[in-house]
Amino acid sequence: MKYHIISLGCQMNQSDTERVRTVMHSMGFAPTEEESEASILGVIACSVRQKAIDKVYSRISKWNRMKNRKSLITFVSGCILPSDREKFLKLFDLVFPMSELPGLPGMINHYGIVTPAGLQTLDAGRQDMQAAVIVSDKVARSILNPVAAMPGGQTLQLNPGKDIDQFWHVEPTYTSGFEAYIPIQNGCDKFCTFCAVPYTRGREVSRPSGEIMDELHQLVEKGFKSITLLGQNVNSYGLDKNGLEVSFTELLHQIGRYGDKSGKEFWVYFTSPHPRDMTDDVIEAIVQYACLAKQIHLPVQSGDEHVLLKMNRKHSMEKYRHIVHTIRRLIPEATLFTDIIVGFTGETDEQFENTRKAMEEFHYNMAYIAQYSVRPGAASSRWEDDVPYEVKKVRFQALTNELTKHSLVYNKSLIGKTLRVLVRGRDRKEGYLSAHTEGRIVVRFASDDASLIGQFADVRIMSAAPLSVEGERVGVMVSQAVD
Amino acid sequence: MSTDNLHELIHIRHLTPSAFVLRMSRRGLKFKSGQHILLGKAGSIHNREYSIYSGENDDFFEILIKEVDEGLVSKQLKAVKPGDKLQIEGPLGFFTLNENDIHTSKFLFVATGTGVAPFHSFVKSYPQLDYLLLHGVRIAAEAYEKADYQANRHVLCTSGDTSGKFNGRVTDYLKNNPVDVNTHCYLCGNFNMIKEVFDILEQQGVPAGQVHAEVYF
């Protein structure tokens, strides 16, 4: 029996989907890319834009039509606004928040579906009415991350409920053998007016640091090279625990000390930090340890004080400028990425110009620029989306030009240098592999050797384009433990 | 449904035909003055953010609410009765006083409408504060419980009639009465007021780091 999952939206949803896959595999379901082959169809929803929610409605409408021809179970989870959740209850068989993922086998069994894992139990002669429950418990145990095992060999009781901790105990099924996400936090307390996440994922909850470290150890031991700590506001990590959990800075120190001791080569990233909580000691921690990647993603959203106020970002440009200056002073080699929204409600030409000037000032290596669109459920959805589409397009292009101007200057400065890169896959250009540097600059080089994928290599940079560089491999260093 | 975050309504105090204060059981909920909560009826999927009105040391918990004409939650909350349960998430937010400044600094509080709520909480929690409160309203009847503030520290700015201490908007008052540049300024209320006050304070030389804002959207 097979399952098919559609994952919409951000890295958090991709990471969540890795855990959903584990639960599906534990029930004996195999993945399929074809909806028509699946018995279970699921969607991990995103509420960032109406377009993403429209996709969910369109998909469930199709799946419900398919039910006329075959027996199917449908489910939806992820980022869902309360108003959509009510509508989904009438359309999907199962609607559950991610925190209740460990209970999915039980929910499916209650539908009377005999799972492949359940069939094995029945074949073994357990044909009593409790079989489904036994399967459910067995599956629940099998999806537990070994890190959830208690001291002394005790097994942690998996009690599917509304506690996000239970979700974090599910071991993810990674889609890559060398790159992974580790969720360190769920939810958001910031209430930016353009964003609905506080209403879909709820309040900030920090994952226990012990679990984060255990998951990191496992990944590094398995040879993962690029690990990204995920959260809506990673640098407010621990604040919800009122002193009972370490701070984000201390978490970075713990990771750094482990990296130094491990003798392994790997890079740890984090996304996204919020400028309000970005303190100098976070940057000072990054300086100290080789495994903490010298790449910082610092969303600015707008370079205008009034727009920042209207976005309820709770930081000033003065504060943002201080952070960037500290990064430049302490980690001059660091690359800087950002997020920007153009055409936010009421944004004037003068306000946009301040954003363009900010790009000129901060010389970003990459900027994820979005044209503002109404996010249902967010506070700004009550305001008129009054910047015309054509104006947004012009502003988007102006910032793109600004970005490429500065990134090209930086990329040209790399020519002649030999850089350590992580090879990530085949490039679109025939006969080339694609990699990225520690600073996440895209590097392509001529090679057909697929065995390099997932390995570090040294590449001498020969030419530069605005958003990538090209070079020649000067050697392959398969990372090994240092005695 | 979890009952951890349910608070019982003790009473409702109507200040004007549309503004009211909900007093609820405290149940040990800790907060810092200036923070806000998400409040809704028990069991409802709908809630809204409201600044906390009561003081940090009060035995109860109060929220100042203005009924919104096209609103959903404010109408539901206006209809609650003593004994009803209300659902609270939080406290949340960063619009709080720096503890090092409380005894040593001068404060300017600027509010419009129910934006006065966090300042009411500041004054209740720290009666010794050296502050001046500018409260912008349309008419004097909207000066919610102004007796709770020292008369010489409270300037009611009325834009709709001449019943206030100052006839005009808070922005007009500030233009006529420049602020000492060492003052810590806290602004709460509608976005347009906050935007204008930001500019005025900047022109008057108040450093941006001393200006804090909580916008009511």
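Residue and element names in this part refer to chain A. Ordered in space as E6-E9-E10, the three strands form an open sheet in which the pairing is parallel. Of all strands in the sheet, those with a lone pairing partner are strand E6 (179–183) and strand E10 (267–271), marking the two edges. Along the sheet, successive strands turn relative to each other by an average axial angle of 25°, direction set aside. Examined bridge by bridge, strand E9 (residues 226–230) and E10 share five bridges and lie parallel to one another. Residue pairing in the sheet places Ile227 in a bridge with Val268 of E10. Packed on one face of the sheet, helix H1 (residues 11–26) meets E6, E9 and E10 and runs near 95° to E6.

Residues and elements named next belong to chain B. Residue position: Cys188 is located in strand E11 (residues 184–189). Exposure remark for Cys188: the relative accessible area of 0% places this residue in the buried category. Counting along the chain gives 154 residues from Cys188 to Gly34, while the straight-line C-alpha distance between them is 9.8 Å. Not counting residues up to four positions away in its chain, the partners in contact with Cys188 are Phe95, Val110, Ala111, Thr112, Gly115, Pro118, Phe119, Met193, Ile194, Glu214 and Tyr216.

By way of backbone hydrogen bonds, the strands of a sheet pair with one another, either parallel or antiparallel. Residues and elements named next belong to chain A. Read from one edge of the open sheet, five strands run E2-E1-E3-E4-E5, paired in parallel fashion. The two strands at the open ends of the sheet, each matched to only one other strand, are strand E2 (30–31) and strand E5 (94–95). Bridge count between strand E1 (residues 2–7) and E2: two bridges; the pairing is parallel. Among the inter-strand pairings, Tyr3 is bridged to a residue of E2, identified as Pro31. Its contacts with the sheet put H1 on E1, E2, strand E3 (40–45) and strand E4 (73–78), and the angle it makes with E1 is roughly 170°.

Moving on, we get to the packing of helix H2 (residues 50–66) of chain A against helix H3 (residues 82–91) of chain A. All names here are of chain A. Where H2 meets H3, the closest approach of the two axes is 11 Å, and the angle between their N-to-C directions is 10°. Considering their axes alone, H2 and H3 lie roughly parallel with respect to each other. Each of Ile53, Val56, Tyr57, Ile60 and Asn64 in H2 lies in contact with H3, whose residues at this interface are Asp84, Lys87, Phe88 and Leu91. Residue composition of the contact of H2 with H3, grouped by class: six nonpolar, one polar and two charged.

Right, let's get into H1(A). All names here are of chain A. Taking 1.5 Å per residue, 16 residues should reach 22 Å; H1 reaches 23 Å between its end C-alpha atoms and fits that length. Buried residues dominate H1, accounting for twelve of its 16 residues. The complete set of buried residues in H1 reads Met12, Asn13, Ser15, Asp16, Thr17, Glu18, Arg19, Val20, Thr22, Val23, Met24 and Ser26. Downstream of H1 by one or two residues, Gly28 has phi in the positive range, about 95°.

Before going further, it helps to spend a moment on the pattern of salt bridges. Applying the stated criterion across every chain yields a total of 40 salt bridges over all chains. In this structure, the salt-bridge partner of A:Arg356 is A:Glu353, at a minimum N-O distance of 2.8 Å. Remark: A:Glu353 and A:Arg356 occur in helix H14 (residues 349–362); sequence separation between them is three residues, near one turn of the helix. A residue is classified by how much of its surface remains accessible, and A:Arg356, at 18% relative accessible area, is buried. A relative accessible area of 28% means that A:Glu353 is categorised as partly exposed. Residues B:Arg13 and B:Glu145 are paired through a salt bridge, measuring 2.8 Å at the closest nitrogen-oxygen approach. Remark: B:Glu145 occurs in the loop between strand E8 (130–137) and strand E9 (154–158) and B:Arg13 occurs in strand E1 (residues 6–14); sequence separation between them is 132 residues. Overall, B:Glu145 belongs to the partly exposed group, its relative accessible area being 23%.

Glancing now at the interface of chain A and chain B. Counting residues at the interface gives 19 residues for chain A and 18 residues for chain B. Roughly 1800 Å² of surface becomes buried between chain A and chain B when both sides are summed, with 67% attributable to carbon and sulfur atoms. Interface area lost by chain A to chain B is led by A:Arg203, A:His306 and A:Leu309, which between them contribute 31%. At the boundary of chain A and chain B, one finds four residue pairs in polar contact (both at pLDDT 80 or more). Contributing elements (two or more residues each) for the side of chain A that touches chain B: H3 and helix H12 (305–310) of chain A. Residues belonging to the side of chain A that touches chain B are distributed by class as follows: six nonpolar, four polar and nine charged.

Take the packing of helix H10 (residues 248–262) of chain A against helix H11 (residues 280–288) of chain A next. All names here are of chain A. Orientation of H10 relative to H11, taken along the N-to-C sense of each, is 5°, at an axis distance of 9 Å. Our classification of the angle between H10 and H11 gives roughly parallel. Across the interface between the two elements, Phe248, Thr249, Leu252 and His253 from H10 touch Asp281, Val282, Ala285, Ile286 and Gln288 from H11. Among the residues forming the contact of H10 with H11, the class breakdown is five nonpolar, three polar and one charged.

What follows concerns the packing of aromatic side chains. On inspection of all chains with the given rule, the structure shows 27 aromatic pairs over all chains. Ring geometry for A:Phe194 versus A:Phe344: centroids 6.4 Å apart, planes at 85°, classification edge-to-face. Linking A:Phe194 in the loop between strand E7 (185–186) and helix H8 (197–200) with A:Phe344 in the loop between strand E12 (335–342) and H14, this pair joins segments that are 150 residues apart in sequence. As far as burial versus exposure is concerned, A:Phe194 and A:Phe344 are alike and both buried. Here the aromatic cluster, defined as three or more aromatic residues joined through ring pairs, consists of B:Phe95, B:Phe107, B:Phe109, B:Phe119, B:Phe122, B:Tyr131 and B:Tyr186.

The next thing to look at is the confidence of the model for chain B. Per-residue confidence for chain B gives a mean pLDDT of 93; residues scoring 70 or more make up 99%. Scoring the predicted complex yields pTM 0.81 and, for the interface, ipTM 0.75.

For the bond running from A:Thr271 to A:Ser272, omega is -5°, close enough to zero to count as cis. Mapped onto the secondary structure, A:Ser272 falls in the loop between E10 and H11. For B:Arg27, which is not a glycine, the phi torsion comes out positive at approximately 55°. Looking at where B:Arg27 falls in the secondary structure, it is placed in the loop between strand E2 (19–25) and strand E3 (36–41). We classify B:Arg27 as exposed; its relative accessible area is 52%.

The rules behind each value
Residues numbered from 1 in each chain as written. Chains lettered and ligands numbered in written order. Predicted model: local features only at pLDDT ≥ 70, side-chain atom pairs only at ≥ 80, totals over all residues. Heavy atoms only, no water. Pairing = 2+ DSSP bridges. Helix = DSSP H or I, 4+ residues; strand = E, 2+ residues; numbered from the N terminus. Axes fitted to C-alpha atoms, helices over the stretch in contact; angles between N-to-C directions. Contact = heavy atoms within 4.5 Å. Buried < 20%, exposed > 50% of the residue type's maximum accessible area, 1.4 Å probe, protein only. Parallel < 35°, antiparallel > 145°, perpendicular 65-115°, else oblique. Nonpolar A, V, L, I, M, F, W, Y, C, P; charged D, E, K, R; others polar. Expected span 1.5 Å × (residues − 1). Salt bridge = Lys/Arg side-chain N within 4 Å of Asp/Glu carboxyl O. Buried area = accessible area lost by both parts, 1.4 Å probe. Polar contact = N/O pair within 3.5 Å; in protein donor to acceptor, adjacent residues only side chain to side chain. Phe/Tyr/Trp six-rings, centres within 6.5 Å; stacked < 30°, edge-to-face > 60°. pLDDT = per-residue confidence, 0-100.

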